[in-house]
Amino acid sequence: MQITFNGEIIETTENKPLSNLLSEKNLLAKNGIAIALNSKVIPKLKWDTTLLNNNDKILVITATQGG
């Protein structure tokens, strides 16, 4: 199946939990990120139970510090 990850189309297996994909991308343990799936923010507590579907769009939002 195909999903869009930060604007890039990638191939992945069906019914994969969001947390597995984030682990593959070395993002699972990273602090200060939020994940939007199809324009809806997914709480970190639901990353393990949120399954990916064909044509999903995932956006990783990183908090930055500035002034």
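Details of the structure are given in the entry above.
A brief look at the structure comes next. These numbers come from a predicted model, not from an experiment. (Residues numbered from 1 in each chain as written. Predicted model: local features only at pLDDT ≥ 70, side-chain atom pairs only at ≥ 80, totals over all residues. Heavy atoms only, no water.)

For the chain, the helix and strand inventory stands at 1 helix and 5 strands. Beginning at the N terminus, the succession of helices and strands in the chain can be written as β-β-α-β-β-β. Taken over C-alpha atoms, the radius of gyration comes to 12 Å for the chain, in line with the 11 Å a tight globule of 67 residues would show. Seen along its three principal axes, the alpha-carbon backbone of the chain occupies a region of about 40 × 25 × 20 Å. (Helix = DSSP H or I, 4+ residues; strand = E, 2+ residues; numbered from the N terminus. Rg over C-alpha atoms; globule rule 2.2 N^0.38 Å.)

Let us look at the pattern of salt bridges. Here the structure, examined in full by the defined rule, presents 1 salt bridge. Residues Glu24 and Lys16 are paired through a salt bridge, measuring 2.8 Å at the closest nitrogen-oxygen approach. When its relative accessible area of 9% is taken as the criterion, Lys16 is described as buried. (Salt bridge = Lys/Arg side-chain N within 4 Å of Asp/Glu carboxyl O. Buried < 20%, exposed > 50% of the residue type's maximum accessible area, 1.4 Å probe, protein only.)

Let us look at the side chain of Thr12. Position of Thr12 relative to the elements: it lies in the loop between β2 (8-11) and α1 (18-24). Side-chain polar atoms of Thr12 contact the side chain of Lys16, separated by 2.7 Å. Look past the residues within four positions of Thr12 in its chain and what remains in contact with it is Met1 and Ile3. (Polar contact = N/O pair within 3.5 Å; in protein donor to acceptor, adjacent residues only side chain to side chain. Contact = heavy atoms within 4.5 Å.)

Before going further, it helps to spend a moment on the nonpolar core. In terms of nonpolar packing, the biggest core is built from 16 residues, with Phe5, Leu18, Ile35, Leu52 and Ile58 touching the most fellow members. Mapped by element, the contributors of at least two residues to this core are β1 (2-5), α1, β3 (33-37) and β5 (57-62). For Ile58, the contacting residues outside a window of four places in its chain are Ile3, Thr4, Phe5, Asn6, Leu18, Leu21, Ile35, Ala36, Leu37 and Leu52. (Core = buried A, V, L, I, M, F, W, Y, C linked by side-chain atoms within 4.5 Å.)

Moving on to the pairing of β3. Of all 5 residues making up β3, 4 are buried, and the element is well covered by its neighbours. When β3 meets β5, the two strands line up antiparallel, connected through 5 bridges. Note that in β5 the partner of Ile33 across the bridge is Thr62. Linkage of β3 to strand β4 (residues 40-42), two consecutive antiparallel strands, is achieved through a turn of 2 residues, within which Asn38 is found at a positive phi near 55 degrees. (Pairing = 2+ DSSP bridges.)

Looking now at the pairing of β1. Pairing geometry for β1 and β2, over 4 bridges, is antiparallel. Looking at β2, one finds that Phe5 is bridged to Glu8. Turn length for the β1-β2 hairpin, with the two strands adjacent in sequence and antiparallel, is 2 residues, and the turn residue Asn6 shows positive phi of about 50 degrees. Bridge analysis of β1 against β5 gives 2 bridges, and the strand direction is parallel. Bridged to Thr4 within β5 is Lys57.

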